[in-house]
Amino acid sequence: MFMKHFRLIIIGGGPAGLSAAKIAAESGVKSLIIERDFKLGGQLVKQTHMFFGSEKQYAKTRGINIAKILINDVEQNINMITVMKNTTVVGLYEDNVLTVLQGETYTKISFDSLVVATGASEKFLAFENNDLPGIYGAGAVQTLMNVHGVLPGEKVVMIGSGNIGLIVSYQLLQAGVNVLKVLEAAPTIGGYKVHASKLKRLGVDILTNHSIKKAIGKDKLEKILVSELDDKWEFIEGSEFEIETDALCISVGLSPMGNLLSMIGAEMKYISKLGGLVPVIDHHHETTIKNIYVAGDVCGVEEASSAIVEGYLTGLLVSERLGFRHKDFDNLYDDYNSQLDNLRSGPFGVRTLEGLQELRGERNVK
Amino acid sequence: MRIKKHPILEFGEQTKIHFTYNGKKMYGYIGDTVASALHALGIRRLSDSIKLKRPRGFYCAIGNCASCNMVVNDVPNVRTCITELEDGMIVKTQEGKGNVYETF
């Protein structure tokens, strides 16, 4: 039976996938990007804030505009890059074959090399009634507001004070929503101080050592029960109080989405500092399965800036392995690695570096 | 509820499109997903849990969690958070796991 074949297939049309396709095209490798959403850009399309980092990763540019740049780079290259949207990869087999589902049609496509750039998903939190409508991932609310212009509710409580929690709280205020409280289970605020200060100046309370005990409501969220936590993260009896709210955002971190890699039997390791279960990779970003590479959050949760650079780097390396060495390979290789070193030199980068050492077995965690 | 004024984003004049939700005529805008259009109209209960029939709403917005699965144009288990709204779409709440062909 006739089966479509691509030299390179990239799963995921977010920052890592788009960047990998761009550099592969520059190297002379034709690729196919498979995206399950109906648009490219991944989670950049909802990020209205300006990025940190250096100019090379589009610092001081809003995420929504970075998305436009990356999408444009791909669309300029229609001879080299094919895009399938509304398409979900549902099977990955040992003989370099994928099954994809588009609408109600299943198709098999084969490849020489594969880059898995599936990103990460928001972690959930266990508490009573956590499935009530009105309880959302913070990133989901960001999509609802900043992509579709729809408000999640009138009075919001944010769980988690990492950067996503802080940034989304600020963006909720920009959209005209009342942010009642940010709750943080740890004794200190998780994200950058600059984001926390912005919120505090606008009168939003960030309560550390506090978390949600249960959600209350019939068909949708009406109230939450909040409790103080002791230094062992246990609820303190008698400290509970209720907050009336119609929308709760959960921002307690992200998990890499490596399901396809587990499916094919790539060796995975649980590295808490990288967000959870991640594939074991070599310096070429290749997994323990030959010809299957990874880039972006799927191999360790970081910022979109790092995902872009990892995408470029992986695109460069995968093309070389396929026999298409980029004309500026050496310079680019050094440049991308030094950009990643720079991005990982900040206070949050240390965590990533330690996580990567742990993954490579260079660091003993016990 | 939709954003009226925003310091960074421009939503401007949008093109209205119509669809039905459980037989009722509804509207959304071009660029909406099925889930965002319903949410904007105040419909938060998108599905029911299969066993206990607990109400479920929009959660992840990336097509991952299945709590927004609905029947769209007779196809069950459609992830409405990543499905672009189209004029004339027929959207229904799903019963249980859904039937392969709702119209049969």
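Everything quoted here is computed from the prediction, not taken from an experiment.

1. Observations regarding the overall build of chain B
- In terms of regular secondary structure, chain B is built from one helix and seven strands.
- Reading chain B from its N terminus to its C terminus gives the helix and strand order β-β-α-β-β-β-β-β.
- At 14 Å, chain B has a C-alpha radius of gyration in line with the 13 Å of a compact globule built from 104 residues.
- Its C-alpha atoms give chain B principal-axis dimensions of roughly 45 × 25 × 20 Å.
- Here chain B holds 104 residues, and 36% of them are scored as buried.

2. Observations concerning the sheet that holds strand E9 (residues 155–159) of chain A
Residues and elements named next belong to chain A.
- With respect to topology, five strands assemble into an open sheet ordered E8-E15-E9-E10-E11, the strand pairing being parallel. Strand pairing shows two members of the sheet lacking a second neighbour, strand E8 (135–137) and strand E11 (205–208), which therefore form its edges. Across this sheet, the average inter-strand angle for adjacent strands is 20°, counted without regard to direction.
- Strand direction decides the pairing type here: strand E10 (residues 178–184) and E11, joined by four bridges, are parallel. By the bridge assignment, valine 182 is partnered in E11 with isoleucine 206.

3. Notes on the domain arrangement of chain A
Residue and element names in this part refer to chain A.
- Along its sequence, chain A is organised into domain 1 (4–121 + 254–359) and domain 2 (124–250).
- Here domain 1 and domain 2 have C-alpha centroids that lie 31 Å from each other.
- Across the boundary between the two partners, domain 1 contributes five residues, which contact seven residues of domain 2.
- Counted by class, the side of domain 1 that touches domain 2 contains one nonpolar, three polar and one charged residues.

4. Let's talk about the interface of chain B and chain A
- The partner chain A presents 28 residues to the 32 residues of chain B that form the contact.
- Mapped onto the side of chain B that touches chain A, the elements with two or more residues apiece are helix H1 (34–40) and strand E4 (55–56) of chain B.
- Per-element accounting of the side of chain B that touches chain A gives the leading share, three residues, to H1(B).
- A class-by-class count of the residues in the side of chain B that touches chain A yields 15 nonpolar, nine polar and eight charged.

5. Things to note about the nonpolar core
- Core analysis: the largest hydrophobic core is formed by 68 residues, its most contacted members being Ile9(A), Val115(A) and Val116(A).
- When residues in this core are grouped by element, the largest group, nine residues, is from helix H7 (residues 304–321) of chain A.
- Setting aside its immediate chain neighbours within four residues, Val116(A) contacts Ile11(A), Leu260(A), Leu261(A), Ile292(A), Val294(A) and Val298(A).
- Listed in part, the 61 residues of the second largest apolar core include Ala140(A), Met145(A), Val157(A) and Leu46(B).

6. Quick notes on the sheet that holds strand E12 (residues 210–216) of chain A
Residues and elements named next belong to chain A.
- Strand order across the open sheet formed by three strands is E12-E13-E14, with antiparallel pairing between neighbours. In this open sheet, the two strands that pair with only one neighbour each are E12 and strand E14 (241–244). Adjacent strand axes in the sheet meet at a mean angle of 35° when their direction is disregarded.
- Note: E12 against strand E13 (residues 223–228), six bridges, orientation antiparallel. Paired with alanine 215 across the two strands is isoleucine 224, which belongs to E13.

Procedures and definitions
Residues numbered from 1 in each chain as written. Chains lettered and ligands numbered in written order. Predicted model: local features only at pLDDT ≥ 70, side-chain atom pairs only at ≥ 80, totals over all residues. Helix = DSSP H or I, 4+ residues; strand = E, 2+ residues; numbered from the N terminus. Rg over C-alpha atoms; globule rule 2.2 N^0.38 Å. Buried ≥ 20, exposed ≤ 12 C-beta atoms within 10 Å, placed from the backbone. Pairing = 2+ DSSP bridges. Axes fitted to C-alpha atoms, helices over the stretch in contact; angles between N-to-C directions. Domains from an automatic or database assignment. Contact = placed C-beta atoms within 7 Å. Nonpolar A, V, L, I, M, F, W, Y, C, P; charged D, E, K, R; others polar. Core = buried A, V, L, I, M, F, W, Y, C linked by C-beta atoms within 7 Å.

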